[in-house]
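Next come the chains, spelled out residue by residue.
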Amino acid sequence: MQNNDDFEKMKKELELRIKFEDVITQISNSFIDIPYEKINQNIDLSLKKIGKFTKSDRCYIFMFKNKFKILDNTHEWCEKK
């Protein structure tokens, strides 16, 4: 019975890994040849995809500035309730 349980666990982990890689591939491909003026919109959509995949209610991107003295929240996605 243990072998079957191990197999099912590994199968679920592999399926999750494949879904994760698919999300990353979609996001990566969406930035190929994108016009400059659509980059921020695409970042926001990417955060949404990541949030939905991870079942999070929010995702952020922060950027360090001024030699790591300032942390700026550049992009944010929040799940609408």
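Refer to the structure presented above.
None of these values were measured; they are calculated from a predicted model.

Calculation notes
- Residues numbered from 1 in each chain as written.
- Predicted model: local features only at pLDDT ≥ 70, side-chain atom pairs only at ≥ 80, totals over all residues.
- Heavy atoms only, no water.
- Helix = DSSP H or I, 4+ residues; strand = E, 2+ residues; numbered from the N terminus.
- Buried < 20%, exposed > 50% of the residue type's maximum accessible area, 1.4 Å probe, protein only.
- Expected span 1.5 Å × (residues − 1).
- Disulfide = S-S within 2.5 Å.

Peer 1: Would you mind going over unusual backbone geometry with me for this structure?
Peer 2: Backbone phi values are negative for most residues with the exception of glycine, while trans is the configuration of most peptide bonds. Of note, the phi angle at D33 is positive, near 60°, even though the residue is not glycine. Within the secondary structure layout, D33 lies in the loop between α1 (2-30) and α2 (39-54). A relative accessible area of 77% means that D33 is categorised as exposed. In the Ramachandran plot, N66 falls in the positive-phi region, its phi being about 55° despite a non-glycine side chain. Mapped onto the elements of the fold, N66 is located in the loop between β1 (58-65) and β2 (70-78).

Peer 1: How do you make sense of α2 when you look at a structure like this?
Peer 2: Side chains three or four residues apart in an α-helix point the same way, a direct result of the helix having 3.6 residues per turn. With 16 residues, α2 should reach 22 Å at 1.5 Å per residue; the first-to-last C-alpha distance of 22 Å fits that figure. Those residues of α2 that sit buried are N42, I43, S46, L47 and G51. One or two steps after α2, the chain reaches K55, where phi turns positive at roughly 60°.

Peer 1: What is the right way to look at the state of the cysteines in this model?
Peer 2: By definition, a disulfide links the sulfur atoms of two cysteine residues through a covalent bond. According to the stated counting rule, one finds 0 disulfides in the structure shown. C78 provides the cysteine sulfur closest to C59, a residue in no disulfide bond, and the two sulfurs are 8.9 Å apart. For C59, a relative accessible area of 10% gives the class buried.

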